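Secondary and tertiary structure notes
Spelled out from the first residue to the last, the chains are:
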Amino acid sequence: SEGVVAVWEKTDFQGEDPEDAYRFGRASCVSRNPSGAAVVGLDLSSMEEGVIICFKSGDIGTLSLPSLMPNAGVGDVFCNLLSGGFHGGAIRGLDIAVHRSLFVSLGKRDGIVRVWNYVSKRCEIRWEPKDKADMPMAVALHPFGFFVALAFAEKLRIFYILAKGLRPVTEFSVRAVKLLKFSDGGHLLAAAQGRFVHLFNAATFRKSVTLQGHNHSIVAMCFNPEDTCMWTCDSTGHLCQWDPLSGDELSHLNGDKSEMWTMASGHVSQACCSISRGKQHY
């Protein structure tokens, strides 16, 4: 559980006790960067030159076998993480940029935010909240790919995406936001707060309008490619189409008790929804 890996060397001993056939070499604490984690599995390469290690956090690391041998010295041994690391549990939020080859993911269990490069297939930034009692609940990536929005229990926070981390820019009080979405043009930020959707100006982060028309919590929302309309859907399957500038409701479709998962729009008057009805999924 402490990430200690022991190396035993085979001897030429031919006695009856099988324990005498191996000689203890060295015990090392194998850590992943930037913090240690328990080792739950390992294996050697076919040529016995490399070691692959699986951590309890879900990360997979590699290192050379000579680094674990007695003549390698003392101290912890650090390994290289495959793809820069992985989430240790379910994914709470996911969003992708348009003008950069980046997408962002938010872990549900630990609140860790990862910024991925889908061209190099690596995690470029790993951000972990300092306060475990106040973990992010939702994430949205600006289409330009230069800043990200995170929703916490009491506030919305905006971060710049830098080369080696996230830098906070501003924050404002909006409680219990469970869903975030930037418009396709990036000039609006939508924040779903229960039955309401607040639209913020992405340049000034001032609230421009609030969409009101649902009787249940909103579970999915999207903009059309021209940002001339917005779609929202609540937990009962009730679907609404809005004018994001005026906040007027353009149309609606009463729900049929279907469970809504997500939605997307590819046309000004069309929205594609993923729903479940009992054991059937559409």
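Residues numbered from 1 in each chain as written. Predicted model: local features only at pLDDT ≥ 70, side-chain atom pairs only at ≥ 80, totals over all residues. Heavy atoms only, no water.

Some points on the overall build of the chain
Which entries qualify depends on this criterion: Numbered from the N terminus, helices here are DSSP runs of H or I no shorter than four residues, and strands are runs of E no shorter than two. Based on C-alpha atoms, the radius of gyration is set beside the globule rule, defined as 2.2 Å times the residue count to the power 0.38. Buried means the residue's accessible area, taken with a 1.4 Å probe over protein chains only, is under 20% of the maximum for its type, while exposed means over 50%, and partly exposed covers the values in between. The contact criterion used throughout is that any non-hydrogen atoms of two residues lie within 4.5 Å.
Scanning the chain for helices and strands turns up zero helices and 25 strands. Against the 2.2 N^0.38 benchmark of 19 Å for 282 residues, the chain shows a C-alpha radius of gyration of 25 Å, more extended than a compact globule. For the chain, the residues scored as buried account for 43% of the 282 residues in total. Here the analysis covers contacts within the chain between residues at least 6 apart in sequence; of these, 37% occur between residues at least 24 apart.

As for the sheet that holds strand E8 (residues 102–107)
Quick note on the threshold: Strand pairing is defined by DSSP finding a minimum of two bridges between the two strands. Axis lines are fitted through C-alpha atoms, for helices just across the contact stretch, and the angle between N-to-C directions can take any value from 0 to 180 degrees.
Judged by pairing direction, the sheet is antiparallel, and its four strands sit side by side in the order E7-E8-E9-E10 without closing on themselves. The open sheet has two free edges, formed respectively by strand E7 (91–96) and strand E10 (122–127), since each of these has just one partner strand. When the angles between neighbouring strand axes are averaged without regard to direction, this sheet yields 20 degrees. Bridge analysis of strand E9 (residues 113–117) against E10 gives five bridges, and the strand direction is antiparallel.

What to know about the environment of serine 64
Along the chain, serine 64 falls in strand E5 (residues 60–64). Given a relative accessible area of 36%, serine 64 falls into the partly exposed group. Distance from serine 64 to serine 45, taken between C-alpha atoms, is 9.7 Å for residues 19 residues apart in sequence. Setting aside chain neighbours within four positions, we find serine 64 in contact with Glu49 and Gly50.

Side note on the sheet that holds strand E22 (residues 249–253)
The strand order across the open sheet built from four strands is E19-E20-E21-E22, with neighbouring strands paired in antiparallel fashion. Two strands close off the open sheet at either side, each with one partner strand: strand E19 (218–223) and E22. Ignoring strand direction, the axes of neighbouring strands in this sheet form an average angle of 15 degrees. Relative to strand E20 (residues 230–234), E19 runs antiparallel, the two being bridged by five bridges. Note that in E20 the partner of methionine 221 across the bridge is threonine 232.

Structural notes on a nonpolar patch on the surface
Counted only if it meets this: Like-charged residues are merged into a patch within 9 Å and nonpolar side chains (Val, Leu, Ile, Met, Phe, Trp, Tyr) within 5 Å, provided each residue has over 30% relative accessible area and no salt bridge. Where accessible areas are quoted, they stem from the Shrake-Rupley method and a 1.4 Å probe; at the residue level, only the protein chains shown are allowed to cover. The rule for a salt bridge is simple: a side-chain nitrogen of Lys or Arg has to be within 4 Å of a carboxyl oxygen of Asp or Glu.
A cluster of nonpolar side chains, contributed by Trp8, Tyr22 and Phe24, occupies part of the molecular surface with about 370 Å² of accessible area. By the element assignment, phenylalanine 24 lies in strand E2 (residues 22–32).

Describing the packing of aromatic side chains
Here the distance between the centres and the angle between the planes together describe a pair of aromatic rings. What counts is decided by this rule: Here a pair means two rings of Phe, Tyr or Trp (six-membered ring of Trp) with centres within 6.5 Å. Their orientation is stacked below 30 degrees between planes, edge-to-face above 60, and tilted elsewhere.
Inspection of the entire model under this criterion finds six aromatic pairs. Centroid distance phenylalanine 103 to tryptophan 116: 6.1 Å. Interplanar angle 10 degrees. Geometry classified as stacked. Placement of the pair is phenylalanine 103 in strand E8 and tryptophan 116 in strand E9, with a sequence separation of 13 residues.

Looking at the confidence of the model for the chain
Reading fine detail from the predicted coordinates is not recommended where pLDDT is low. Spelled out, the test is: The quantity known as pLDDT measures the predictor's confidence residue by residue, on a range of 0 to 100.
Across the chain, pLDDT averages 85, with 90% of residues at or above 70. Taken element by element, the chain is modelled with least confidence in E2, mean pLDDT 69, and with most confidence in strand E11 (residues 138–141), mean pLDDT 97.

A closer look at the side chain of histidine 142
Using the following cut-off: Distance and chemistry together define a polar contact, namely a pair of N or O atoms within 3.5 Å, with one atom able to donate a hydrogen and the other to accept it when in protein, and with adjacent residues in sequence counting only for side-chain atoms on both sides.
Within the element layout of this structure, histidine 142 appears in the loop between E11 and strand E12 (147–151). A distance of 3.0 Å separates a polar atom in the side chain of histidine 142 from the backbone nitrogen of phenylalanine 144. Once residues lying within four places of it in the same chain are set aside, the contact partners of histidine 142 are Ala97, Phe147, Phe182 and Gly186.

Side note on the pairing of E5
In E5, alternate side chains face the same way, and those of Gly61 and Leu63 are buried while those of Ile60, Thr62 and Ser64 on the opposite face are not. Where strand E4 (residues 50–55) lies against E5, five bridges are found, and the strand directions are antiparallel. When the sheet's bridge partners are listed, isoleucine 52 is paired in E5 with threonine 62. Across two bridges, the pairing between E5 and strand E6 (residues 77–81) is antiparallel. Across the sheet, the residue bridging to glycine 61 is leucine 81, located in E6.

Some remarks on the nonpolar core
Under the convention used in this document: By nonpolar core is meant a set of buried Ala, Val, Leu, Ile, Met, Phe, Trp, Tyr and Cys residues that side-chain atoms within 4.5 Å join together.
Membership of the largest hydrophobic core comes to 17 residues, with the highest contact counts inside it found for Leu156, Leu180 and Leu189. Among the elements that make up this core, the one with the highest residue count is E12 (three residues). Every residue in contact with leucine 180, bar those within four places of it in the chain, is listed here: Ala138, Val139, Ala140, Ala149, Leu150, Ala151, Leu156, Leu189, Ala190, Ala191 and Met221. In this structure, Leu102, Val113, Val115 and Val139 belong to the second largest nonpolar core, which totals 16 residues.

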